Amino acid sequence: MTDFAFPTVTPSSANGLVSAVVTSFTGSPVVLPAVTTTITSKGVVKTSVSVHHKPVLIQHAYWGVLALIGLATAINAIFIAWATYRRYQARRRTQDAVPAPSRNGRLSLRRFPHAILSASRIWGFRRRIPFVDMTLVEFALTVVYIGGCLAFAYAPTDNEKPAVNLLPKYWGASTGIIAAGQMPLAVFLALKNNPVTKLTGLGHEKLVLMHRIVSRCLLMFTWLHCVGEYFRSPPRLLNATWKVLGLVAAVAQTLTSIMGIKQIRHAYYEVFYTSHVVLIIIFIVTAHLHCIGEDYGLLVWPCYIIWGFDRVLRAGRYVLFNFVLRPKNRKALVEYIGADGLRVTLKRRIPGGWTAGQHVFLAFPALGIQSHPFTIGNVYEKEAGGDEAEMLFIIRAMGGQTRTLMERAMPTGRCELQAFFDGPYGHPEDIRAFTTCVFVAGGTGVTYTVARMHQLFKDIHASNARAKRVVFIWAVRTETEYDWVASDIAKVVALAPPSVSLLVEVYLTGERRERTLDALPDLEKSFESEKGARTASTASASPTLSRVSRDDGCSESEEKIDAGASTPTELAPTYYAGVARRSGRPDVHQILEEEVTASEGVVAVDVSGPDGLVAAVRSALSQPFAGPVATMKGNPTVLLSVEQFRM
């Protein structure tokens, strides 16, 4: 309740309730439904007329978030129902009976809902606002959420006069209450084991978007609270311990936000991670002690419960997979594969396995307590005659722990280190219902797309997927980097179902070598579409080309480097049947336009790699061929899935 008092002095005979007539801020008299308090002191009666305004209810700020979660849940339910029906058709072998969309060049009102879907995906998720590097959805959610909270803080809560909502005494307290009430929500949205994932189909790496929106609002309201309290009474701003703790909480949160800036977070991930954990603990504890001083500690208590629940789940799974389900070998094999690349493999018993495209947090106790997220580069398959499954990771050494890991492996080309993991995490999109599936990767992002393509082929063999056309594009800098997963790609290509038209292209974006390009195999195969034909490099009927073998893994290339011989990028090229190699960067716009316009049904595009490649794919799929007008003319809708760790 907010009280606004008007003190008056009357004779002692005036003791009791009175009908007060006061003057509003505009100077006009207003009759108030006031509460009169009378105090007698030394024969003088002091009467205070208090106006009780309705308090700010922080739970109102949660309704918008709950509505957004409800909307995402409904969309996810519709998608699951649609995908389930499409897979049912695949199992019943009725996909051939489904007519392809008509493409006579005329607009079809029957496809208007598809056009709305295409437009919402382009304008909401693919186009980015310059300078702020946000999608329109992220920017709109940020503005709406912060705007709603500002309305709760500054708008009057009732029609009682005088209105005090713009006085620092009022909004200084209101912004503090709203900030404290958002703390549990910010912690909840940052959970790794988040129940919202089951409802919405959004993994923790995507929910972090909402976590940042709430955190920005929380930071803003924390400092609004400090400013309001300062204008209310500067001498009383820091005159108590609990008030000093509030300032400490504000500083800790500000430092956390600075370290969370995209450029700083990516360049110094380990520093960001460590400082984030320490500063957030300081922030929550000091903010809680500050709120206790104003009897609002109850708003912060859920932070400990939510965070503790997540930690208990993570610790339980950590102990289960690494200790209770005792592996035959707790050590991971780390191999140096050239060009700052590492191949890490370990075997574990994982009940339920993992979904292709998921990731785990991998830790090496000998190198420190930190864990890093890495995508599992293979599908879940138990070893023959056992109950363990091998997990494969391709890691590019950047700095910190990954650089130390590479230095451990380089002297002999390989080493074994005790490794623990936490996971799997992530919720990759279900692409089994799509007719055309395009996988685009750059660098180590290939671990995501290879696993996804492998799982898709398994689903097609099991009549649980509808893909008829699969395109795999990988941009990599050097020949050595290509060798990282060349054999893995070849094995997956060999598993391609006969009913699938397959295109696999690897682009070497580094130095061009005419002698290497001239030796590339000619693996060409054409396929027909309603909008013409395209020459595509796919698996040919020719015998499998021989591969240059290297029995000792990466040790051979290291010896050549040390001896001053040719660099790893000048090794003899490695060839595989079904894999065409190109020089330069892929023209993702042309590739995607040809695939979308030629597809006989809905298209799924998975991309994983550096920011430039992801931006190029987003830009290409924002062009007219994937837009609402083309969709109404018969072009299929396109689902874009991006896998990037932006912790």
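Refer to the structure presented above.
About the thresholds
All residue numbers here refer to positions counted from 1 along the written sequence of the relevant chain. The model is predicted, so local features are restricted to residues of pLDDT at least 70 and side-chain atom pairs to those at 80 or more, both for listing and for counting; the totals for chains, interfaces and linings are taken over all residues. The basis for the side-chain values is all heavy atoms of the structure; hydrogens and waters are excluded. Strands are runs of DSSP state E lasting at least two residues, helices are runs of H or I lasting at least four, and both sets are numbered from the N terminus onward. Three labels apply to residues, based on accessible area from a 1.4 Å probe with only protein chains included: buried if under 20% of the type maximum, exposed if over 50%, partly exposed otherwise in between. Whether two residues are in contact is decided by their heavy atoms, any of which lying within 4.5 Å being enough. Every accessible area reported is derived by Shrake-Rupley at a probe size of 1.4 Å, with residue values counting cover from the shown protein chains alone. Strand pairing is defined by DSSP finding a minimum of two bridges between the two strands. With strands facing away from the observer, any crossover in which the path from the first strand over the helix to the second runs clockwise is taken as right-handed. To get an axis, fit a line to the C-alpha atoms, keeping to the stretch in contact for a helix; angles then go from 0 to 180 degrees between the N-to-C directions. Every angle not falling under 35 degrees, over 145, or within 65 to 115 is termed oblique; those three ranges are roughly parallel, roughly antiparallel and roughly perpendicular. Under the grouping applied here, Gly and all other residues not named as nonpolar or charged are polar, the nonpolar ones being Ala, Val, Leu, Ile, Met, Phe, Trp, Tyr, Cys and Pro and the charged ones Asp, Glu, Lys and Arg.

## Let's talk about the overall build of the chain
Tallying secondary structure elements over the chain gives 18 helices and 22 strands in all. Going through the 647 residues of the chain one by one, you find that 48% of them count as buried. Contacts in the chain between residues far apart in sequence, at least 24 positions, make up 77% of those at least 6 positions apart. With an accessible surface of roughly 31400 Å², the chain has 62% of that area assigned to carbon and sulfur atoms.

## Looking at the pairing of strand E16 (residues 469-476)
Burial analysis of E16 places 8 of its 8 residues in the buried class, the great majority of the element. Burial along E16 is two-sided: Arg469, Val471, Ile473 and Ala475 and Val470, Phe472, Trp474 and Val476, pointing in opposite directions, are all buried. Of the strand pairs in this sheet, strand E15 (residues 436-442) and E16 are connected by 7 bridges, and their pairing is parallel. Bridging from a neighbouring strand, Ala441 pairs with Trp474 of E16. Handedness of the E15-helix H12 (residues 446-461)-E16 crossover: right-handed.

## Quick look at unusual backbone geometry
Residue Pro424 is bonded to the preceding Gly423 through a cis peptide linkage, with omega at 0°. As for its placement among the helices and strands, Pro424 is situated in strand E14 (residues 420-425). Even without glycine at this site, Ser463 takes up a positive phi of about 55°. Tracing the backbone shows Ser463 in the loop between H12 and E16.

## Section: the side chain of Thr175
The topology assignment puts Thr175 in helix H4 (residues 168-189). Ignoring sequence-local partners within four residues, the contact set of Thr175 consists of Ala153, Tyr154, Phe221, Leu224 and His225.

## Structural notes on the environment of His114
Mapped onto the elements, His114 comes out in helix H2 (residues 112-126). Each C-alpha atom, one on His114 and one on Asn635, is 9.6 Å from the other, the two residues being 521 residues apart in sequence. In this structure, His114 is in contact with Thr631 and Thr637, ignoring residues within four places of it in sequence.

## Overview of the packing of H4 against helix H10 (residues 301-324)
Contact geometry of H4 with H10 gives a least axis separation of 8 Å together with a crossing angle of 10°. In terms of orientation, H4 lies roughly parallel with respect to H10. In contact with Met183, Pro184, Val187 and Phe188 of H4, H10 contributes Pro302, Cys303, Ile306 and Trp307. Of the residues in the contact of H4 with H10, the class split is 8 nonpolar, no polar and no charged.

## Brief notes about the sheet that holds strand E21 (residues 603-608)
Strand order in the open sheet made by the 6 strands is E20-E17-E16-E15-E21-E22, with parallel pairing throughout. Two strands close off the open sheet at either side, each with one partner strand: strand E20 (580-583) and strand E22 (638-643). Strand after strand, the sheet turns through a mean of 15° between neighbouring axes, direction not considered. Sheet topology places strand E17 (residues 501-508) next to E20; 4 bridges connect them, and they run parallel. The residue bridging Leu508 from the neighbouring strand is Ser583, located in E20.

Without other data, these values stay purely geometric and don't point to any function.
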